[in-house]
Every structure is written in structure tokens, then in C-alpha cells.
Amino acid sequence: MYSTVTVPKSGCPVRGQMEVNSTASRVTRWTSGAGNASRRRTSRASSGLSGLGSGPVGGNSRAGLITLLARRPLRSFLDMTPQSQPRAVVLLSGGLDSTTTLAVARAEGYEVYALTVEYGQRHAVELEAASRIATAHEIADHTVLHVDLAHFGGSALTTAAPVPKDRPSGGPGHDVPVTYVPARNTVFLALALAWAETLQTGHIFIGVNALDYSGYPDCRPEYVEAFEQMANLATKAATEGTTPVSIHTPLIGLTKKEIILRGLELGVDYALTVSCYDPVPTGEACGRCDACRLRRKGFEEAGVPDPAVYHTGPTELRR
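Model, not experiment: these values are computed from the prediction. (Residues numbered from 1 in each chain as written. Predicted model: local features only at pLDDT ≥ 70, side-chain atom pairs only at ≥ 80, totals over all residues. Heavy atoms only, no water.)

Engineer: So what's going on with the state of the cysteines? Which residues, and what values?
Structural biologist: For the structure shown, the criterion picks out zero disulfides. Looking at the unpaired Cys292, the closest cysteine sulfur is the one in Cys276, lying at 3.5 Å. What makes Cys292 buried here is its relative accessible area of 1%. (Disulfide = S-S within 2.5 Å. Buried < 20%, exposed > 50% of the residue type's maximum accessible area, 1.4 Å probe, protein only.)

Engineer: Can you lay out empty space enclosed by the protein for me, pointing to particular residues and giving the numbers?
Structural biologist: Once rolled over the atoms, a probe with the size of a water molecule shows which space is left empty. Evaluated as defined, the whole model comprises four cavities of 30 Å³ or more. What lines the largest cavity is a set of 36 residues, among which Ser93, Asp97, Arg184, Gly207 and Tyr277 lie closest to the centre. Contributions of two or more residues to the lining of the largest cavity are made by α3 (96-107), β6 (111-118), α4 (125-136), α5 (184-198) and α9 (290-302). Residue classes in the lining of the largest cavity are distributed as 18 nonpolar, eleven polar and seven charged. (1 Å grid on protein atoms, 1.4 Å probe; cavity = no way out; pocket = protein on both sides within 12 Å on 5 of 7 lines; lining within 4 Å. Points joined across faces, edges and corners; volume = space filled by probe spheres on them. Helix = DSSP H or I, 4+ residues; strand = E, 2+ residues; numbered from the N terminus. Nonpolar A, V, L, I, M, F, W, Y, C, P; charged D, E, K, R; others polar.)

Engineer: Before we move on, could you go through the packing of α3 against helix α8 (residues 256-265) and cite the residues and values that matter?
Structural biologist: Where α3 contacts α8, the two axes come as close as 10 Å, and the packing angle between them is 45°. Of the possible angle classes, the one that applies to α3 and α8 is oblique. When you trace α3 past α8, the crossing you get is left-handed. Along its contact with α3, which presents Leu96, Asp97, Thr100 and Val104, the element α8 presents Lys256, Ile259, Ile260, Arg262 and Gly263. Per-class residue counts for the contact of α3 with α8 are four nonpolar, two polar and three charged. (Axes fitted to C-alpha atoms, helices over the stretch in contact; angles between N-to-C directions. Parallel < 35°, antiparallel > 145°, perpendicular 65-115°, else oblique. Left-handed = near helix turned anticlockwise from the far one by under 90°. Contact = heavy atoms within 4.5 Å.)

Engineer: Lay out helix α6 (residues 221-234) with the relevant residues and their values.
Structural biologist: For α6, with 14 residues, the first-to-last C-alpha span of 20 Å sits near the 20 Å given by 1.5 Å per residue. Buried residues of α6: Tyr223, Val224, Phe227 and Ala231, and no others. Relative to the axis of α6, the buried residues are bounded by an arc of 95° and lie together on one face. Where α6 is buried, its residues meet α5, α7 (236-239) and β9 (246-248). (Expected span 1.5 Å × (residues − 1). Arc of directions from axis to C-beta.)

Engineer: Tell me about the packing of aromatic side chains, and please be specific about residues and values.
Structural biologist: One pass over the full model with this rule turns up six aromatic pairs. Here Tyr110 and Phe205 contribute two aromatic rings whose centre-to-centre distance is 5.2 Å and whose plane-to-plane angle is 70°, an arrangement assigned as edge-to-face. With a gap of 95 residues between them, Tyr110 in the loop between α3 and β6 and Phe205 in strand β8 (residues 203-205) connect regions that are remote in the sequence. There is no split in this pair, since Tyr110 and Phe205 are both buried. Taking the centre distance of 5.8 Å and the plane angle of 85° together, the rings of Tyr270 and Phe299 count as edge-to-face. You can see Tyr270 sitting in the loop between α8 and α9 and its partner Phe299 sitting in helix α9, a full 29 residues away along the chain. Taken as a pair, Tyr270 and Phe299 share a single burial class, namely buried. Here the guanidinium or amino end of Arg296 rests over the ring plane of Tyr310, the centre of that ring lying 4.6 Å away. (Phe/Tyr/Trp six-rings, centres within 6.5 Å; stacked < 30°, edge-to-face > 60°. Lys NZ or Arg CZ within 6 Å of the ring centre and 35° of its normal.)

Engineer: Go over unusual backbone geometry, please, and point to the residues and values.
Structural biologist: For residues that are not glycine, phi is negative in most cases, and the peptide bond is trans in most cases. Even without being a glycine, Ala183 presents a positive backbone phi close to 60°. Within the fold, Ala183 resides in the loop between β7 (141-146) and α5. Positive phi, close to 60°, is recorded for Gln200, a residue that is not glycine. For Gln200, the location among the structural elements is in the loop between α5 and β8.

Engineer: Requested: an account of the packing of α5 against α6, with residues and values cited.
Structural biologist: At a minimum axis separation of 12 Å, α5 and α6 run at an interaxial angle of 35°. Crossing angle aside, the handedness with which α5 passes α6 is right-handed. Taken together, the residues of α6 that come into contact with α5 (itself represented by Asn185, Thr186, Leu189, Ala190 and Leu193) are Tyr223, Phe227 and Ala231. Of the residues that constitute the contact of α5 with α6, the class distribution is six nonpolar, two polar and no charged.

Everything listed is a geometric property; what it means functionally is a separate question.
Shown next, in the form of C-alpha cells:
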């Protein structure tokens, strides 16, 4: 059974705006405007309604339970539900790495709460991909949070600056490319940390990689370790010793080939994912940006076909 409500800034649901159905995953969308914040959430509840009568409100009846749900924030009912699985927040961009990371978290037995950040990226098609992926997997919740990093600029992914094409692969010893978004992973992890603490968990998954990557500083193991140390000093739950924070990076030491093979073992449908930084207007991947080149290289080395549709390909796959 799930219910859909509209929750105003006060956190209390609006009575009367509710639908009831048999099964669903939770989908939450936060938007921020001029002084107003709202969220749409679809939440699973553990109690079934079958066999209940239609007696007066307040009794053990369908009407009574629906009225009770309408009067209380859904978060409170989620917290009352016994946890059969440990919870984990997974950062989900809609790309290959984050999708594989989500699959790893599920395979390790976590109840997944996926967080997608709409940060003003020019390749907004990845948001649609994230929605498809969340729907395809059995997860507890998918939240899309709007944080406008494009307001600051400073990246080819959030401005009209050209995205580099046919660039030698990055990594240690290479310049950080203009597709780096200032402090992006720090912002993302901070948001995931806030949500994880409200979920009473310290498990956060992020699909960073330090081998086949563009050389971003916030994908390195030392960065992740430093953030984890900070997080354990920053939250009430961690400082009280009840919920230590652990940042899981299952892909950080894998090549793109190994990531793809791991995902295929777990049943990932990579046709749902989007990697391209600069897709053409008709929707095809450019085939020449860092993300496309690393993806194509990974599939070629894995010996499996890449389901992505490319507008054009690089003249050569430089390492």
C-alpha cells in the first residue's frame, strides 16, 4: 500500500490529497522557489488494508487508517516500520558508474534510498535516465533535489563553455578539465549525509572512480577518506556514537571494463544509462567527450556491445 500526499513547508501533509494503491516504490521530488518549498512523495507503508471494514474513523477501518495517514507526516510511519534491511543513501546520476553502484548496494543487502541532484547540468538527459533506473530497480525511495550550481558557473557542464572533445584520458599527472564542477561531490555527499542521518543510517554509496576517470580531485581515495572523517565529526548521530558514517566507494579501484563486467553480473541494463556530457540535440551521445570515450573504451575492453547510441565516434581511443 502506498499513499501520495503533498507536504507543505511545515512538514504536515495536506488532508484529502491522497491516493491508495497496492505496491509502489517511493518517489520524492523537492523544488525550491521564492520562499516556498514543497515535496511530492510516494511512500510505501508496511500495513495492508485488505480485510478491514469501513467502520467509523478512529477504529480499525480503512477510512480510519487513511485519515490517520493523512494527519501524520509519512516520515513518521517510515520510522515506525521495523527495518529488515540496513538503509543506504546512493548517489544516482543516471550514468554508468552510479547505476552500477546502486546495483552493488542492493546486492550487498541494503535498502536503497537514491538521491539525484539536479544541479543545472547541461546534460539534463541524465535526470531522465536516473528516473528510469530508479523505476527499474526495487528501491525504497528516489529523491530528485534541485541545487542550482549553474548560478556559480565555473564549469563547462553548467555554462555554455565548449565541452572538450577527443582529449587524452585524464588521471594523475593530467590537468583537471573544464568539465570539473567546483565542489560538486562535496555538495552531493553533504546532501546525502543529511538525508542519511534522518534515515538513521550512516551508509552512503558514491560511484567515484580513480582509474578510468577525467582526473577530478573529488574522485580520489584521499578525498573520500577526508570527507568520511569530517562526516563523523559533523553529525549528531556520529558524535553520539549511535550511527557512524561510512562512505562506500565500490568502484574506486576498478577499471571501466571491470565496472561494466561487475554491473552485467548484477543484471544492470546499461541501455537505461546516459554517460555523455554533451549529447546532440537529437539525443544521441556525442562519442567524443571524456565520458563517452571512457565508456566506449570500457565496453570494447569488456568485449560486449555498448547499447548507447552515438552521433559520432572519436578517431581513436587514446589512453
